Amino acid sequence: MLASLRTLTVTSALLATSLLSTPHAFAEVEPGGWQSTSPGFTVQERGCGQVDGLTFRLTCSTASGDQRAERRYATYTGGTRQFEGYFRITSLSGTRISLKQTFHESGSGPYFMLAVERGGRLYAVHGGTTLSHAGTVGATVRVNTVHQVGFEHRTYINGSLKHTYASPGGSFYDKFGAYRTNSGNGTATVEWSNVRFWRK
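Before going into details, it helps to say that this report is about the structure given with it. For clarity, every value in this text was computed on a predicted model and none was experimentally measured.

In this section: the overall build of the chain. Counting its regular elements, the chain contains one helix and 16 strands. Buried positions account for 46% of the 200 residues belonging to the chain. When the accessible area of the chain is evaluated, it comes to approximately 9300 Å², of which 52% is carbon and sulfur surface.

With that settled, consider empty space enclosed by the protein. In total, this model carries one cavity of 30 Å³ or more according to the counting rule given. Of the volumes computed, that of the largest cavity is approximately 30 Å³. Every residue along the wall of the largest cavity is listed here: Tyr76, Arg81, Gln82, Phe83, Lys100, Thr102, Thr145, His147, His153 and Asp174. Counting residues per element, the ones that place at least two in the lining of the largest cavity are β7 (80-92), β8 (95-104) and β12 (140-148). The biggest single contributor to the lining of the largest cavity is β7, with three residues. Looking at side-chain class alone, the lining of the largest cavity contains two nonpolar, five polar and three charged residues.

Quick look at the nonpolar core now. In this structure, Phe87, Leu122, Val143 and Trp192 are the most contacted members of the largest nonpolar core, which totals 33 residues. Sequence-distant contacts of Val143, that is, excluding residues within four places in its chain, are made with Phe83, Glu84, Gly85, Phe87, Leu114, Tyr156, Ile157 and Trp192.

When we look at a pair of aromatic rings, we describe it by the centre distance and by the angle of the planes. Tallied over the full model, the rule gives 13 aromatic pairs. Aromatic side chains Phe56 and Phe176 sit 5.7 Å apart centroid to centroid with 75° between the ring planes, which places their arrangement in the edge-to-face category. Taken together, the positions of Phe56 in strand β4 (residues 55-58) and Phe176 in strand β15 (residues 171-185) put the pair 120 residues apart, joining distant regions of the chain. Taken together through their ring pairs, the aromatic side chains of Phe41, Phe56, Tyr73, Phe83, Phe87, Phe176, Trp192 and Phe197 make up a single cluster. A cation over a ring is seen here: Arg72 above Tyr173, with NZ or CZ 3.5 Å from the ring centre.

Positionally, Arg68 belongs in strand β5 (residues 68-73). Polar side-chain contacts of Arg68 include one of 3.3 Å to the side chain of Gln44. A distance of 2.9 Å separates a polar atom in the side chain of Arg68 from a polar atom in the side chain of Asp66. The contact partners of Arg68, leaving out residues within four places of it in the chain, are Gln44, Glu45, Arg46, Gly49, Leu58, Lys175, Ala178 and Tyr179.

In total, this model carries one disulfide according to the counting rule given. Across the disulfide, Cys48 is cross-linked to Cys60 (sulfur-sulfur distance 2.1 Å). Between Cys48 and Cys60, the S-S torsion sits near -70°, and that sign places the bridge as left-handed. One end of the pair, Cys48, is in the loop between β2 (41-46) and β3 (49-52); the other, Cys60, is in the loop between β4 and β5, with 12 residues separating them in the sequence. Using a relative accessible area of 12% as the deciding quantity, one classes Cys48 as buried. By relative accessible area, Cys60 is classed as buried at 19%.

Time to look at unusual backbone geometry. Looking along the chain, the bond that leaves Gly186 and enters Thr187 is cis, with omega of 10°. For Arg96, which is not a glycine, the phi torsion comes out positive at approximately 55°. With respect to the helices and strands, the residue Arg96 is situated in strand β8. For Arg96, a relative accessible area of 24% corresponds to the partly exposed category. Here the phi dihedral of Asn158 falls at roughly 50°; this positive angle occurs in a residue that is not glycine. Along the chain, the position of Asn158 falls in the loop between β13 (152-157) and β14 (160-166). Since its relative accessible area comes to 43%, Asn158 is described here as partly exposed.

What counts as what
Residues numbered from 1 in each chain as written. Predicted model: local features only at pLDDT ≥ 70, side-chain atom pairs only at ≥ 80, totals over all residues. Heavy atoms only, no water. Helix = DSSP H or I, 4+ residues; strand = E, 2+ residues; numbered from the N terminus. Buried < 20%, exposed > 50% of the residue type's maximum accessible area, 1.4 Å probe, protein only. Areas by Shrake-Rupley, 256 points an atom, 1.4 Å probe, with all protein chains shown as cover. 1 Å grid on protein atoms, 1.4 Å probe; cavity = no way out; pocket = protein on both sides within 12 Å on 5 of 7 lines; lining within 4 Å. Points joined across faces, edges and corners; volume = space filled by probe spheres on them. Nonpolar A, V, L, I, M, F, W, Y, C, P; charged D, E, K, R; others polar. Core = buried A, V, L, I, M, F, W, Y, C linked by side-chain atoms within 4.5 Å. Contact = heavy atoms within 4.5 Å. Phe/Tyr/Trp six-rings, centres within 6.5 Å; stacked < 30°, edge-to-face > 60°. Lys NZ or Arg CZ within 6 Å of the ring centre and 35° of its normal. Polar contact = N/O pair within 3.5 Å; in protein donor to acceptor, adjacent residues only side chain to side chain. Disulfide = S-S within 2.5 Å.

Shown next as structure tokens:
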């Protein structure tokens, strides 16, 4: 009986620690009719970019050239797609680092880019709109993008709608990690977790 109580106590303590240390994986935003998907991906490391699982690093302060550490997911066309993921910036001595992209493969390229400046400002690279100031070093931030191909792209930060952008048709794909924007530079380390995808 005593051994059983000890086992229960240890199990409860481990469960509590797990719940405290892992961000809660929320359901998708804009609920209704979503179907979970598991698109394949490739890893992209260029310049001083390094990828280790879901940890993405830019190890140099170079302000030119292609410096990237990213996951590039499978191409999609048509319908509505949703991405969800959590990022935590563990170090950022640089600035203006792209964290998440929706890439227009059949069109103009990086169609939507969510980036961070030193100090925690999250912004849309195209247009410069501020989405949040939640991207400070050490903070865990939830990102959702909902993309209705041919109509609209919406970005949520910590569950709140922060940005809408008209969408053309064509083929697109999702990317996330750490990527030097044209006006940015490293160094940076970003950890992603609880990445999920849906479609309808």
